[in-house]
Amino acid sequence: MPDNSLIDYCRERGNVAGVVGLQYGDEGKGKIITALQKHFKLVVRAQGGGNAGHTIMVNGKHLVLNHLPSGLAGDETTGVLGQGMVINIKTVADEIKRLEAVGKQMQDQNNIVLMGGAQFILPSLQGKLDTYGSAAIGTTGKGIGPAYSLKADRQPTTFNDMVTRPDFCKQGFESLINKYSQDTQLDLAAIIDEFDKHRELLLRLIDEGYIRFDPENSTVVDAYHGRTPILLEGAQALMLDLNQGTYPFVTSSDTGFSGLMSGSGCPDINTRIGVMKPYTTRVGAGPFMSQLVDAEQEEVFVNAVGERGATTGRMRSIGALNFVELRHALRRTCPDILAVTKLDILPQLGAATNIVTAYHDEASEKQYQNTLPPMRDLTGRVDRFYDGIIPITESLTVPQANIAGITDFREIPDAYHPYIQKIINESGFAGSRLVFGTGPDNDEYCEAQIAA
Ligand code: IMP
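Source: prediction; values computed, not measured. Numbering of residues starts from 1 in each chain and follows the order in which that chain's sequence is written. Where local features are concerned, this predicted model is filtered to residues with pLDDT of at least 70; where side-chain atom pairs are given and counted, the filter is 80 or more; whole-chain, interface and lining totals use all residues. Hydrogen atoms and water are omitted, and side-chain values are computed over all heavy atoms in the structure.

(A) Molecular detail of unusual backbone geometry. A cis amide bond links Tyr247 to the next residue, Pro248, at an omega of 5°. In this text, helices come from DSSP runs of H or I with a minimum length of four residues, and strands from runs of E with a minimum of two, each type numbered from the N-terminal end. Structurally, Pro248 is set in the loop between strand E11 (230-237) and helix H10 (257-262). For Asn110, which is not glycine, the phi dihedral falls at a positive 55°. Secondary-structure assignment places Asn110 in the loop between helix H3 (89-101) and strand E8 (112-115).

Written out as structure tokens, the structure is:
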């Protein structure tokens, strides 16, 4: 069992910690959050929605949460759905039921707070709009992009609107149908019917004590000023960030620390935790410069380690470490703690892997070391996104020793040290704390400190 030094480190730095992914999502953020959660009173989701999928363990049973913060697994934690989120309330109700089914008390426990400024998602509206046009990006189909578009368009699509002025929302749907009717087949009656059902469900969840409604979006800011320990839980990851990622092959929210603050109202983050895997995976479309070329090896890896998207079940594309992407992500997030999850499954990559150390632009002779080049051709095949840009690779030996369940870094075999050292040296990580995941269970990880 690892000691509490990670929590002590966070506690010394201040009352707020934030966790974000540094690659393409699915880094195992839920595990780090679970390790920290016992210290924090509030665990907060601030962006994204049902596109996220965090696998957690409650009472010895695995379950996937899409909306509710994974830190909610703790006994005394309150999970907050922040105003930066886009939420299908029906699937929230399903998640509550699933938590109850594994023995967690959910009623009258002050377990879940929903901020009134969060956006509601109706599958018949935003979900349907998500099937038009964005298919080329390979979205999760949960209505995320359209929900944020309507928000930016200042449509009446917040939960405050749903609760206090349903008729105004319905008028809004009518004008939206007129706006989009040329390209889509939105059905006004179906939207209104679904809206009424979602509203009724929400009011019942509030009434029965499953959800506390916060129309002023003030839960987190009040907790901050009351010095309550707050854990901000990121979803997706920096390479999918709307501003900093591989646009347009991104999700529609700010997945970095700034998104955690703006989407929750928390004015500061004292401990910044970045999570990565010792290899790369991606679901959906977009450039993937370190993808394994050997399809058989990829299949073996997917089957051996279960690398499928937690939300959609789609097979994740597997790749080696890409240090251009990692430097890009680390320079734009500057974490204090770097958590490298799933170190134990590294051996499945085979004896050696071709890590990407730079990109070379053949036309201009420019080398990209720590930032992504602009995308070139969005219309063509996958290999045209960075047409004329060649990844420069280097072979790195993959350690083969079994480290499953190790909780003391001193027991990590020497064979792992060159790989770990490469991550630290090449990624530009400037913090002093490291965490390594060594197995799927909550307490299977170890910590290390970089000498000053
Ligand atoms: P959207 O978020 O559904 O709009 O999808 C946009 C892109 O982000 C697609 O490539 C998705 O596969 C990807 N994506 C969204 N959420 C996640 C996630 O939680 N993990 C991994 N990929 C995600």
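(B) Fine view of the nonpolar core. The definition of a nonpolar core used throughout is a set of buried Ala, Val, Leu, Ile, Met, Phe, Trp, Tyr and Cys residues joined through side-chain atoms within 4.5 Å. Buried residues are those whose accessible area, probed at 1.4 Å on protein chains only, stays under 20% of the maximum for their type, while exposed residues exceed 50% and partly exposed ones sit between those limits. Of all hydrophobic cores here, the largest spans 41 residues; its most connected members are Leu68, Ile89, Ile96, Leu114, Leu125, Phe159 and Ile211. Residues contacting Ile211, with those up to four places away along its chain left out, are Ile89, Val92, Ile96, Ile112, Leu114, Leu202, Leu205 and Ile206. Of all hydrophobic cores here, the second largest spans 36 residues; its members include Val302, Leu434, Phe436 and Cys446. Contacts were defined at the residue level, with two residues in contact if any of their heavy atoms lie within 4.5 Å.

(C) Focus on H3. By this rule the span expected of a helix is its residue count minus one, scaled by 1.5 Å. For H3, with 13 residues, the first-to-last C-alpha span of 18 Å sits near the 18 Å given by 1.5 Å per residue. Measuring from the backbone nitrogen of Lys90 back to the side-chain oxygen at the start of H3 gives 2.9 Å, which picks out Asn88 as the cap. Once H3 finishes, Gly103 follows within two positions and takes phi at roughly 95°, a positive value. Two N or O atoms form a polar contact when they lie within 3.5 Å of each other; inside protein one atom must be a possible hydrogen donor and the other a possible acceptor, and for residues adjacent in sequence the pair counts only when both atoms belong to side chains.

(D) Structural detail: the packing of aromatic side chains. Any Phe, Tyr or Trp ring, taking Trp's six-membered ring, that has another such ring centre within 6.5 Å forms a pair; planes under 30 degrees apart are called stacked, those over 60 apart edge-to-face, and the others tilted. For the coordinates displayed, the defined rule picks out 7 aromatic pairs. Ring geometry for Phe173 against Phe195: centres 5.4 Å apart, planes inclined by 75°, an arrangement best described as edge-to-face. Taken together, the residues Phe173 in helix H7 (residues 166-180) and Phe195 in helix H8 (residues 188-207) connect sequence positions 22 residues apart. Taking the relative accessible area as the measure of exposure, Phe173 reaches 1% and is therefore buried. For Phe195, a relative accessible area of 0% translates into the label buried.

(E) Examining the environment of Asn270 more closely. Mapped onto the elements of the fold, Asn270 is located in the loop between H10 and strand E12 (271-276). You can call Asn270 buried: its relative accessible area is 18%. For the pair formed by Asn270 and Gly14, sequence separation is 256 residues and the distance between their alpha carbons is 5.4 Å. Once residues within four sequence positions are removed from consideration, Asn270 is found in contact with Arg13, Gly14, Asn15, Val16 and Asp336. At 3.1 Å, the side chain of Asn270 forms a polar contact with the backbone nitrogen of Asn15.

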